[in-house]
Amino acid sequence: MLKFTEEHEWLNIEGGVATVGITAHAAEQLGDLVFVELPEVGASFSKGDDAATVESVKAASEVYCPLDGEITEVNEAITADPALVNSDPMGAGWFFKLKLKNVSDVDGLLDESGYKELIG
């Protein structure tokens, strides 16, 4: 199940775990990424917390935790090669996996058509 936030994160939810990244729209707006800082595995976050940081040639930005949960895995490949986020933001450029505290919270997120409306 694919969901989106108004802060331009995407979530692919499977079995109570969400793989999280930034959307292609967000990657385009940021420009070429030069640095990514990921959260620690085992860290717990609440919805809206700063979970990761990205820096591009244009600016630094936070990646917010889309829902309450615990980090179970991070994508070390994007710290070694931040350009993966630009080239494949919704594939190889994922940021972290989040074990959701409350799976029903995904109902409050946008679906793909809702996100497309948001970005116009």
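Residues numbered from 1 in each chain as written. Predicted model: local features only at pLDDT ≥ 70, side-chain atom pairs only at ≥ 80, totals over all residues. Heavy atoms only, no water.

A. Looking closely at the pairing of strand S8 (residues 69-74). The pairing of strand S5 (residues 44-45) with S8 spans two bridges and is classified as antiparallel. Bridging from a neighbouring strand, Phe 45 pairs with Gly 69 of S8. (Pairing = 2+ DSSP bridges. Helix = DSSP H or I, 4+ residues; strand = E, 2+ residues; numbered from the N terminus.)

B. Representation of unusual backbone geometry within the structure. Unlike most non-glycine residues, His 8 shows phi in positive territory, near 75°. For His 8, a relative accessible area of 22% corresponds to the partly exposed category. (Buried < 20%, exposed > 50% of the residue type's maximum accessible area, 1.4 Å probe, protein only.)

C. How the structure looks around the UniProt feature "modified residue: N6-lipoyllysine" (unreviewed entry) in the protein. UniProt records the feature "modified residue: N6-lipoyllysine" (unreviewed entry) for Lys 58 in the present numbering. Considering the arrangement of structural elements, one finds Lys 58 in the loop between strand S6 (50-56) and strand S7 (60-64). Look at Lys 58 and you get exposed, because its relative accessible area is 61%. Discounting chain neighbours no more than four positions away, the residues touching Lys 58 are Glu 28, Gln 29, Leu 30 and Gly 31. Only 3.5 Å separates the side chain of Lys 58 from the backbone oxygen of Gln 29, close enough to count as a polar contact. (UniProt positions renumbered as here; feature names shortened; annotations may be inferred. Contact = heavy atoms within 4.5 Å. Polar contact = N/O pair within 3.5 Å; in protein donor to acceptor, adjacent residues only side chain to side chain.)

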